[in-house]
Every structure is written in structure tokens, then in C-alpha cells.
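Below, each chain spelled out in residue letters.
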Amino acid sequence: MPTRQIVIDDAVPYAADMFGHLGEITLLPGKKITPSDVQNADALIVRSRTQVNQNLLTNSRVQFVGSTVVGLDHIDQTYLQKNDIHFYSAQGCNANSVAEYVIHVLFDLAERHGFDLQHKTLGIIGVGNVGGRLYQKAQNLGIKCLLNDPPRERDPKDNELNFVDLDQCLTADIITVHTPLYMSGVDCTYNLINAEHISRLSPEQILINAARGGIINEAAWAAQPLQAIVVDCWENEPNIDETLYRSADLATPHIAGHSLEAKIAGGEMVYRQLCRHWQIEPQNNWQTLLPPDPQPIEIDSRTESSQTKLHRLFKEVYNPYNDDSAIRDKQIQKVHLAFEDYRRTYPLRREWHRHRVQNIKTPHLAKLLKSLKFIIDG
Ligand SMILES: NC(=O)c1ccc[n+]([C@@H]2O[C@H](COP(=O)([O-])OP(=O)(O)OC[C@H]3O[C@@H](n4cnc5c(N)ncnc54)[C@H](O)[C@@H]3O)[C@@H](O)[C@H]2O)c1
Ligand SMILES: O=C(O)[C@H](O)[C@H](O)COP(=O)(O)O
């Protein structure tokens, strides 16, 4: 049998080590994969920056497409299905990474604006893999939540949670969206939070988009006085809107899902699916290449409040403002240029469960950290 050819987005970590025993690997920047690159490929492994459609695949022999991310707006699934091309998407691979990003942001906003998160309500629009994990974490932290997810609410079998309608959810102190980007249909999410909704928000409210640009009306959002505007996902990335960018309290370049664990999980889920598709036994030796866990973190202060201690801990683990300042510039053209480069060379970020915390003297905090999946020592 001729050696199989596999084209992979070079932003998939450990791709050659993971997929190398399945065939001949060609690594390319996701945005630059062309029809000629995939013409003789048997499998195509992408992230979100490759538009997978007829233009790309019409003359290729690709029979397997794997997307190592969650969003599906870059994939023409109808075309793949019509042409009997097996498609697999790593749904949920980065849910924890995004949920942790939002919690880090909440703690930072609480410190900057001097409020206690337990006195705030969090409105979660879209309660799937990301929204569901965020809800769990928020509950563990004693944050009251309002949940909005009409598709789940309509499902008679899905009765574990209480949902509210969008208008009710938009009364929360802090609102965060975690839906897919649907351009049409009964659950259309494009402009889901429209100018009318935004005009009714108060200056004390906070609005976060770490899902997809376009779910929130950006022109109205930029003009509305709010306590904080947090944007990770933008329309027309990387050429993001300057007015919204200058209005944002935190502007990150679509990295909420970019923890190392999330990127590896996405690649591994697709890898194992391709092994199943080609009936080849998966191998694990690439896992020996993973970086060691971070150094343990000490928390030994009995004086500060739990929230302050937690906030110090969270900042030590990850500070989203570093991802803001990394590309911030007075000239928007420089921000546009830095946006994609920074994402492709994103610094190492480890999820909470890779961190050990030691010397905790307050049992309440130890219990709370365990519920948030930090590893507690002593
Ligand atoms: N910023 C990032 O790095 C990042 C990372 C992961 C995912 N995302 C984005 O976040 C989205 C959600 O990710 P996920 O893994 O939770 O997906 P998911 O499919 O598990 O969850 C999406 C949820 O949204 C709900 N939903 C659909 N239409 C809705 C509507 N009109 N109103 C309210 N809820 C609606 C669905 O019922 C589902 O429960 C993804 O589609 C992706 O675009 C961004
Ligand atoms: O769709 C997703 O999973 C996320 O938006 C993810 O951050 C996309 O990652 P990218 O391919 O843009 O690096």
C-alpha cells in the first residue's frame, strides 16, 4: 500500500510526533493550505484558520478531515457529507481552557472594580461544553448564575438545569456568551445581543465575548457605557474593529481556548479518530515529549480573605492581561499584524489541574481549590 499523505496545520502541537507513524506528514500554516497542498493528501488536519470547502478539496483525494478545535464555521460540512469525506471535530477539547479564562477575568475585574463576586450574578448564554464548565466553576465559587440556552430548554430529555430567556439573562451583572456562530435559523446567534439589547444594559454591567465575533453587535457594544467590556473573539479577525478595541477593558486575540492542554486534547481526539478510521493502533510515545508540570505554588497567608488569596493564586497561574498587553499598540494596523502572530506563538499556559498548591492553612480554601481541580499538597 502506498504511504498515506497527511497535511496538518502546523499550529497543532506535537503533530509530527503524534501522526508521524500514520503516514507522510506535511506541516503548513493553517491560513496558507492551498488546493495543490492537499491534492495528493489522504487526510487533512486543521484548526480554525483553514476554510475547508469545495474550493480547497475539489481535486483532492482527501477522505478524512479532522478539526482540532470546536468552532465549525470554517468547515463546509454539507460539502464533506455530499462527497463522502469523513469529518470529525474535537468538540469540547478546549472547554476547560475557556471556562478558566472567564474565571480569571472575573477575579481580575472584581479586584479592579472592588466588588465581591459572590454578590454578583453571572449570565451564561450558551450552556454547552464551555458554558456548562463555567457554570460548575462559578457555582463552586459561590457565584449565582442565570442560564440561557433555548435548544437545551426545548429538549424534554434535558431537564437537569433551569433556564431563563435571553432578556432575563441580560439582567445579570456579568454576561458571557458561549454559543456557536449561527448565521441563520431558529437559533441564529449572529447579532444575538443586538443594539436594542445593548441599549438596555446599565453602566454597572459587564459583557464578555469569548465565543465568536458577531454574536454581540460590536458597534453598539463599543458605544455603550458598561462597567467592563471583555473581548476575546472579534468580527473580521485579525482586522478587528478599532472602536471596540479602544473601548475594551480587556482585548485578547482569540486565545481563551489556547491552554496547552486544550491544544493537545484537540489534536489527540482527531488523532485517535484517524487511527480508528484507518484501523491502526494508536501510540502514546509522543506524550513523553510534554513539558513538566509547573512548579508548586505556595499559599501560606492566613490573613487575606479567600477571594484575595484565590485572586493571587489565579494571577500566578495565568493573567489574561498579559495577552492584552502582548499586542496592544496605539496603531491599530500593528495590532492587526500582531494578532495572528501572537496566536501562532502563544506562550505556554497550563490549566489549573496541572498546578499543585501547597502549605494551605485554611481548610475552606483547600476544599474550594480541590473543587476547582487544583492539586493540593499538604
Ligand atoms: N475563544 C475561544 O478560544 C473559543 C474556544 C472554544 C469555543 N469557542 C466558541 O464557543 C462556542 C461554544 O463552545 P462549546 O464547546 O461550549 O460548544 P457547545 O456546542 O458544546 O455549546 C454551545 C451551546 O450553545 C447553545 N446554543 C445554540 N444556539 C443558541 C442560542 N441561540 N442561544 C443560546 N444558546 C444557544 C447550544 O444549545 C449549546 O448548548 C463554540 O461554538 C466556539 O465558536 C471559542
Ligand atoms: O473554535 C475553537 O475551538 C476556538 O475558537 C479556538 O480558539 C480556535 O483556535 P485557532 O484554530 O484559531 O487557533
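Conventions used here
Residues numbered from 1 in each chain as written. Chains lettered and ligands numbered in written order. Predicted model: local features only at pLDDT ≥ 70, side-chain atom pairs only at ≥ 80, totals over all residues. Heavy atoms only, no water. Near = heavy atom within 4 Å. Polar contact = N/O pair within 3.5 Å; in protein donor to acceptor, adjacent residues only side chain to side chain. Areas by Shrake-Rupley, 256 points an atom, 1.4 Å probe, with all protein chains shown as cover. Helix = DSSP H or I, 4+ residues; strand = E, 2+ residues; numbered from the N terminus. Nonpolar A, V, L, I, M, F, W, Y, C, P; charged D, E, K, R; others polar. Core = buried A, V, L, I, M, F, W, Y, C linked by side-chain atoms within 4.5 Å. Buried < 20%, exposed > 50% of the residue type's maximum accessible area, 1.4 Å probe, protein only. Contact = heavy atoms within 4.5 Å. Pairing = 2+ DSSP bridges. Axes fitted to C-alpha atoms, helices over the stretch in contact; angles between N-to-C directions. UniProt positions renumbered as here; feature names shortened; annotations may be inferred. 1 Å grid on protein atoms, 1.4 Å probe; cavity = no way out; pocket = protein on both sides within 12 Å on 5 of 7 lines; lining within 4 Å. Expected span 1.5 Å × (residues − 1).

A. Looking closely at the site of ligand 1. Residues in close proximity to ligand 1 total 28 residues, the closest being N129, V130, D149, D232 and G257. Note that a nitrogen atom of ligand 1 is positioned 3.0 Å from one of the backbone N or O atoms of D187. Here A210 contributes a backbone N or O atom positioned 3.1 Å from a nitrogen atom of ligand 1. Compared with its free state, where it exposes 860 Å², ligand 1 has 91% of that area covered by protein. Secondary-structure elements contributing two or more residues to the shell around ligand 1 are α6 (129-140) and α7 (150-154). Sorting elements by how many residues they give to the shell around ligand 1 places α7 first, with 3 residues. Considering only residue class, the shell around ligand 1 consists of 13 nonpolar, 10 polar and 5 charged.

B. Fine view of the nonpolar core. Residues Y101, L310 and F374 are the most contacted members of the largest nonpolar core, which totals 88 residues. Here the element with the most residues in this core is helix α5 (residues 95-113); it accounts for 11 residues. Excluding anything up to four places from it in sequence, Y101 contacts A210, V230, D232, L250, T252, I255, A256, Y318, P320 and R349. By size, the runner-up hydrophobic cluster in this structure holds 21 residues, among which are M18, Y88, C93 and I264.

C. Local environment of the sheet that holds strand β1 (residues 5-9). As summarised here, the arrangement of the 5 strands in space is β2-β1-β3-β4-β5, forming an open sheet in which the pairing is parallel. With one partner strand each, in any of the chains shown, β2 (24-28) and β5 (86-89) form the two edges of the open sheet. Direction aside, neighbouring strands of the sheet carry axes that sit 15° apart on average. Relative to strand β3 (residues 43-46), β1 is paired through 3 bridges, and the arrangement is parallel. What sits directly across from I6, in β3, is A43. Strands β1, β3, β4 (64-67) and β5 of the sheet are contacted by helix α12 (residues 260-277), whose axis makes an angle of about 160° with β4.

D. Focus on the pairing of strand β8 (residues 174-177). Neither face of β8 is exposed, since I174 and T176 on one face and I175 and V177 on the opposite face are all buried. Inspection of the sheet shows strand β6 (residues 121-125) paired to β8 by 4 bridges, in the parallel sense. Its bridge partner lying in β8, L122 is registered against I174. For β8 and strand β9 (residues 206-209), the ladder comprises 4 bridges, and the chain directions are parallel. Residue I174 lies in a different strand from β9, and its bridge partner there is I206.

E. Examining the site of ligand 2 more closely. By nearness alone, every residue bordering ligand 2 is listed as R47, S48, R49, V69, V70, G71, N94, R212, H254, H258 and R343. Within the contact set of ligand 2, an oxygen atom lies 2.7 Å away from a backbone nitrogen or oxygen of V70. In the complex, 93% of the free accessible area of ligand 2, which totals 350 Å², lies under the protein chains. Tallied by class, residues from the shell around ligand 2 come to 2 nonpolar, 5 polar and 4 charged.

F. Inspection of the UniProt feature "active site" (unreviewed entry) in the protein chain at higher detail. Those places that UniProt annotates as "active site" (unreviewed entry) correspond, in this numbering, to R212, E237 and H254. The annotated residues occupy 43 residues of the chain but converge on a single region, no pair of C-alpha atoms lying more than 10.0 Å apart. Those annotated residues that line the second largest pocket are R212, E237 and H254. Note on placement: E237 falls in the loop between β10 (228-231) and α11 (242-247). Contacts of E237, omitting those with residues within four sequence positions, involve R49, D232, H254 and F339. Only 2.7 Å separates the side chain of E237 from the side chain of R49, close enough to count as a polar contact. By the element assignment, H254 lies in the loop between β11 (250-251) and α12. You can call H254 buried: its relative accessible area is 12%. When residues no more than four places from it in sequence are discounted, the contact partners of H254 are R49, R212, D232, C233, E237, F339 and R343.

G. Structural detail: helix α13 (residues 306-317). Its 12 residues give α13 an end-to-end C-alpha distance of 16 Å, which sits within 8% of 16 Å, the value for a rise of 1.5 Å per residue. Buried residues of α13: K309, L310, H311, L313, F314 and V317, and no others. Among the structural elements, α5, β12 (297-298), β13 (356-358) and α16 (363-371) are those in contact with the buried residues of α13.

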